[in-house]
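Fold and contact review
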Amino acid sequence: MISKMQRKYLFLILLFIVQIVYSCSYKNDKKSGDDHFKNNITGTSDVKFDTLYHDFGTLVQGEKVSYIFNYKNTGQSGLIIKDAYSTCGCAVANYTKQPVPTGEKGTIEIVFDSTGKQGVQYKNIMLKMNTSQEKHTLSIKANVIKK
């Protein structure tokens, strides 16, 4: 006979196993998505940013601000941003999912929400792109003061 406590542990173990299986299959799906980009885009892509850093200056806690980073496709094929992410949910990237043709310009808008933040904040936004240097980093800074 299994006690109530043993059932709880068994349930938690099963939940953990399901989470591991799901996360592994998610990574495989993402990898096949990367292959899709590589197979459908020929030639080499490269990117040139106007700047990789922006300082918002001093913000009052709770303010939401944004900055647009400009870039140009300096490569020989369509430039694709595969993913853009931050370690903090307070900095979110908005960008087009469509390839940027050779010689054309594109933008990435970074929205920073200072709610719950205080003091000097440095946030990095990592970009995965179909360029020779697959990963690029954009950085923002803000000094957040209380209301």
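Structural notes, computed from the coordinates. (Residues numbered from 1 in each chain as written. Predicted model: local features only at pLDDT ≥ 70, side-chain atom pairs only at ≥ 80, totals over all residues. Heavy atoms only, no water.)

Section: the overall build of the protein chain
For the protein chain, the count of helices and strands is one helix and eight strands. Counting from the amino terminus, helix and strand elements in the protein chain follow one another as α-β-β-β-β-β-β-β-β. In the structure as shown, the protein chain presents an accessible area of about 9,700 Å², 55% of it carried by carbon and sulfur atoms. (Helix = DSSP H or I, 4+ residues; strand = E, 2+ residues; numbered from the N terminus. Areas by Shrake-Rupley, 256 points an atom, 1.4 Å probe, with all protein chains shown as cover.)

Regarding the state of the cysteines
By the definition in use, this model includes one disulfide. A sulfur-sulfur distance of 2.3 Å marks the disulfide that ties C88 to C90. Every disulfide takes its handedness from the sign of the S-S torsion; for C88 and C90 that torsion is 135°, giving right-handed. Accessibility classification places C88 together with C90 in one group, the buried group. (Disulfide = S-S within 2.5 Å. Buried < 20%, exposed > 50% of the residue type's maximum accessible area, 1.4 Å probe, protein only.)

Notes on the sheet that holds strand β5 (residues 91-95)
What links the strands of a sheet is backbone hydrogen bonding, and the strands pair in either a parallel or an antiparallel sense. What the four strands build is an open sheet, ordered β1-β3-β6-β5; its pairing is antiparallel. Two strands in the sheet have a free side with no partner beyond their single neighbour: β1 (47-49) and β5. Taken pair by pair, the neighbouring strands of this sheet meet at an average axis angle of 30°, ignoring direction. Pairing between β1 and strand β3 (residues 64-73): three bridges, direction antiparallel. Residue pairing for β3: V47 is matched across the bridge by N73. (Pairing = 2+ DSSP bridges. Axes fitted to C-alpha atoms, helices over the stretch in contact; angles between N-to-C directions.)

Thoughts on the nonpolar core
Residues I108 and F112 are the most contacted members of the largest nonpolar core, which totals 26 residues. Where this core is concerned, the elements lending two or more residues are β1, β2 (53-60), β3, β4 (81-86), β5, β6 (105-113), β7 (119-129) and β8 (135-145). It is β8 that contributes the most residues to this core, four residues altogether. Beyond its immediate sequence surroundings of up to four residues, F112 is in contact with F56, L59, E63, K64, V65, C90, K117, Q121, K123, I140, A142 and V144. (Core = buried A, V, L, I, M, F, W, Y, C linked by side-chain atoms within 4.5 Å. Contact = heavy atoms within 4.5 Å.)

Concerning the side chain of N130
Structurally, N130 is set in the loop between β7 and β8. On the basis of relative accessible area, N130 is assigned to the buried category, the value being 14%. At 3.0 Å, the side chain of N130 forms a polar contact with the backbone oxygen of G78. From its side chain, N130 meets the backbone nitrogen of I80 in a polar contact 2.7 Å long. (Polar contact = N/O pair within 3.5 Å; in protein donor to acceptor, adjacent residues only side chain to side chain.)

Description of the packing of aromatic side chains
The full count for this structure, using the stated rule, is three aromatic pairs. Taking the centre distance of 6.4 Å and the plane angle of 15° together, the rings of F56 and F112 count as stacked. Residue F56 is found in strand β2, and its partner F112 is found in strand β6; the two are separated by 56 residues along the sequence. Note on Y67 and F69: the rings are 4.9 Å apart at their centroids and 80° apart in plane angle, and the pair reads as edge-to-face. Taking the relative accessible area as the measure of exposure, F69 reaches 0% and is therefore buried. Geometry around Y95 places K97 over its ring, the cationic atom sitting 3.9 Å from the centre. (Phe/Tyr/Trp six-rings, centres within 6.5 Å; stacked < 30°, edge-to-face > 60°. Lys NZ or Arg CZ within 6 Å of the ring centre and 35° of its normal.)

A short note on the sheet that holds β2
One open sheet holds the four strands; their spatial order is β2-β8-β7-β4, and the pairing between them is mixed. Each having just a single partner strand, β2 and β4 make up the two edges of the open sheet. Shown here is a sheet whose adjacent strand axes are inclined to one another by a mean of 20°, direction ignored. Bridge analysis of β4 against β7 gives five bridges, and the strand direction is antiparallel. Residue pairing across strands places S86 opposite I125, the latter belonging to β7.

The quantities given are spatial measurements derived from coordinates; they are silent on function.
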